[in-house]
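Architecture at a glance
These are the residues of each chain, in order.
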Amino acid sequence: MNHLKHALCAAILLAASAYMPASAKNIMVPKAYMFGFIASFNDSIVFFTDIQEVDSVWVMEKKKVILAGRSNYAAQLRDFFSKSFNLNNRTCVVISGTKRKDVEKKYAKLKKQYTVKNANKYDVHYVDATEFKFRPVNMEDSDQEIVTQPKKKKDKKQKPPKDGKMPPPPKK
C-alpha cells in the first residue's frame, strides 16, 4: 500500500510538472543538471539515473526556473527503459536545476526515501551515465515567449426593456 502511495506521488509530481505557467519566457542556459527517477505501480522496482550535466538547456523563467520540455526528457527515459529493459508503462520523473548543489539535495532526499526509510520495500537500481545520457531538447522551434490569449468577451444579449418595447438593432 505504501508503494502505491509513493508511485502515486511520483505520478502526481509528473502531472503537475506538465503544467506550464501562463506568461513564462523560454530562455537557454549554458548547462543544467538533472536526474531521472523511474517507478511503476505494478512492482517495487525503482531506478535512479546519475546526476548528469546537460548543455544548452531551455528553461522557463517566471518566479522559479523550470525545465522547459520536461515531458520530452521524461519520454527519453521512458523510451530507454522500454527498449533496453523491456519495461513498459513506467512512471518517469525528471528532476532538474541550474545549480548542481540543489539537484544533489533533491537526489539525496529521494534516494533516502527509497533506500533508508523504506529499505526492504523497494528494489533500488541505478542507471549509470554510460548506459543512459539525457540529450538536450531543442525548444527553439516553440514560441520564445508563451503568452495566454485574451479571453473574448461574450456578446451580451440585449434584454427587452421593462416597458415591453423592442430595443433598436445593434449597430454594425
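For the structure, check the block above.
Presented here is an overview of the structure given in this document. As the structure is a prediction and not an experimental result, all values here were calculated from the model.

Counting buried residues in strand β5 (residues 91–97) gives seven out of seven residues, a clear majority hidden from the surface. Alternating residues of β5 divide into Thr91, Val93, Ile95 and Gly97 and Cys92, Val94 and Ser96, and every residue in both groups is buried. Examined bridge by bridge, strand β1 (residues 25–39) and β5 share seven bridges and lie antiparallel to one another. The residue of β5 that forms the bridge with Met34 is Ser96.

Let us now look at the packing of aromatic side chains. Working definition: an aromatic ring pair is given by the centre-to-centre distance plus the angle between the planes. A complete count under the given rule lists 15 aromatic pairs for this structure. Measuring from ring centre to ring centre gives 6.3 Å for Phe48 and Tyr114, while their planes differ by 70°; the resulting arrangement is edge-to-face. Placement of Phe48 in strand β2 (residues 45–49) and of Tyr114 in helix α3 (residues 100–117) is noted, with a sequence separation of 66 residues between them. Both residues of the pair, Phe48 and Tyr114, belong to the buried class. Taking the centre distance of 4.9 Å and the plane angle of 80° together, the rings of Phe132 and Phe134 count as edge-to-face. Of the two residues examined, Phe132 and Phe134, each falls in the buried class.

Reading the values: rules and limits
- Residues numbered from 1 in each chain as written.
- Predicted model: local features only at pLDDT ≥ 70, side-chain atom pairs only at ≥ 80, totals over all residues.
- Heavy atoms only, no water.
- Buried < 20%, exposed > 50% of the residue type's maximum accessible area, 1.4 Å probe, protein only.
- Helix = DSSP H or I, 4+ residues; strand = E, 2+ residues; numbered from the N terminus.
- Pairing = 2+ DSSP bridges.
- Phe/Tyr/Trp six-rings, centres within 6.5 Å; stacked < 30°, edge-to-face > 60°.

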